[in-house]
Amino acid sequence: MDGAHDLGGMHGFGPVDRSQQQNFVGEWEEKVFGLTLACGMQGKWNLDQSRFARERMDPAHYLGSSYYEHWLHGLELLLLESKLLSIEELESGIANPAGVFEPVPQERVPGLLEQGSPTLMECERSAIWQVGDRVRIRNEHPHHHTRVPRYIRGRCGEIMRHYGAHIFPDAHSERGEKVPEHLYSVRFSGEELWGDKAAEAKSAIFVDVFEPYIEGTAS
Amino acid sequence: MSNHQHPHHHHTAPLSEIEQRVKQLETLLVDKGLVDPRAMDELVDTYEHRVGPRNGARVVARAWTDPEYKQRLLEDATSAIMEMGYAGRQGEHMQVVENTDKVHNMVVCTLCSCYPWPVLGLPPTWYKASSYRARAVSEPRAVLEEFGVHLDPDVEVRVWDSTSEIRYLVLPRRPDNTEHLNQDQLAELVERDAMIGVALVPAPTEAAA
């Protein structure tokens, strides 16, 4: 979806605030991080679904709020949509009924973190593109979650590497399905993305691109 | 709640609206049986105190001193990094990109905040903020200047936008006059920002100054 999260190339934000060196600003941000990961370990949603929940935040609110507010919004939405909480519970803060679920205990946390969620998959279809091919990215603007940023749509780049087939984020978010799609590292010149006048000299942007995002060979 | 207190934070002022909202949600999730407070502490403690950029610095220092390891690292970063004991969430598939006298690499996630947790820990707030995410891809040299990195005009800047589950780590250039240093001493020189690609590793005299 073309949400406020898709920030690449936007103007007007001013310099990077390098005073913000820490990971958490305040204890509540630690809590949002811990609650999000702990609830995620219930396995009711996957990473792409949690990204999509944050992306659906009202654009003005997204841009005007801090990073962990995005996470808090996403967590509340996921808890409601997966019916782990009711709207009445969320609003009142009172569990009704209480104690109905089984939390992931502390003892299991290190193992789950170590295991992670690998996305590399076997794929029966062979990769269409080879290193060195020039390709054009599809100009598509789906309403669902996708990982093709706006700034490369319709643009041409060169295939630099094939990463094998990985879980396709669009289907993973929409249907919870693990569909393998070939993944490439695609190199775009600054001029191709930003135009001759705005692009900085000698800059290249490498984007990880799933095969369905590619329209075809570029001349 | 008694086992979920943070003694280093004391609130004397009333809680802000968002602090209240988070506190209420935490209580609710614990009451529902969705969250074990000790699991939550474990998660925060892991990334606040145990997993961080010292891991990445050890990988870099080894690559600087062990050419055979460096080759493995550039060819198959996931297993070369796992060999050092760093693996798991947000580092399941790793790619290392090498800085040279002709190429400078920097990493961003324009769509969210993807970052290689097992080797760098959690990202600094500026990495997740709009300005860096918007500008790293369109004006990387200007961003680097803000970080105090001045590149020669003939150096190519390569920006890696982390749009899939591949996580990127920059292998910075080894500074001059470090031939006498061992791996541990070299690792001391490598800061987080150099592995994101928004800093260079200073020579030891500069670091000491």
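Rules used throughout
- Residues numbered from 1 in each chain as written.
- Chains lettered and ligands numbered in written order.
- Predicted model: local features only at pLDDT ≥ 70, side-chain atom pairs only at ≥ 80, totals over all residues.
- Heavy atoms only, no water.
- Domains from an automatic or database assignment.
- Helix = DSSP H or I, 4+ residues; strand = E, 2+ residues; numbered from the N terminus.
- Buried < 20%, exposed > 50% of the residue type's maximum accessible area, 1.4 Å probe, protein only.
- Contact = heavy atoms within 4.5 Å.
- Polar contact = N/O pair within 3.5 Å; in protein donor to acceptor, adjacent residues only side chain to side chain.
- Buried area = accessible area lost by both parts, 1.4 Å probe.
- Salt bridge = Lys/Arg side-chain N within 4 Å of Asp/Glu carboxyl O.
- Nonpolar A, V, L, I, M, F, W, Y, C, P; charged D, E, K, R; others polar.
- Pairing = 2+ DSSP bridges.

Observations regarding the domain arrangement of chain B
And then number 1: When cut into domains, chain B gives domain 1 (13-49) and domain 2 (52-196).
And then number 2: Domain 1 of chain B and domain 2 of chain B are separated by 32 Å when their C-alpha centres are compared.

Focus: the environment of Tyr184(A)
All names here are of chain A.
And then number 1: Along the polypeptide, Tyr184 turns up in strand S4 (residues 180-189).
And then number 2: What makes Tyr184 buried here is its relative accessible area of 0%.
And then number 3: A sequence separation of 25 residues divides Tyr184 from Val209, and the C-alpha atoms of the two residues are 5.3 Å apart.
And then number 4: With residues up to four places along the chain from it excluded, the contact list for Tyr184 reads Ala127, Ile128, Trp129, Ile159, Arg161, His162, Tyr163, Val207, Asp208, Val209, Glu211 and Ile214.
And then number 5: There is a polar contact of 3.3 Å between the side chain of Tyr184 and the backbone nitrogen of Ile128.
And then number 6: Here the side chain of Tyr184 touches Trp129 through a polar contact of 3.2 Å, landing on its backbone nitrogen.

Observations regarding the interface of chain B and chain A
And then number 1: The interface of chain B with chain A comprises 84 residues on the first partner and 94 residues on the second.
And then number 2: It is Lys32(B), Leu34(B) and Leu111(B) in chain B that bury the most area against chain A; as a group they hold 10% of the surface buried on that side.
And then number 3: Counting the contacts that link chain B with chain A gives 6 salt bridges.
And then number 4: Notably, a salt bridge pairs Glu165(B) with Arg51(A), separated by 2.7 Å at the nearest N-O pair.
And then number 5: The tally of links between chain B and chain A comes to 56 residue pairs in polar contact (both at pLDDT 80 or more).
And then number 6: Counting residues per element, the side of chain B that touches chain A draws most heavily on helix H1 (residues 17-32) of chain B, at 11 residues.
And then number 7: Class assignment of the residues belonging to the side of chain B that touches chain A gives a composition of 38 nonpolar, 21 polar and 25 charged.
And then number 8: Summarising the sheet, strand S5 (residues 203-210) of chain A and strand S3 (residues 156-161) of chain B pair through 5 bridges and their orientation is parallel.

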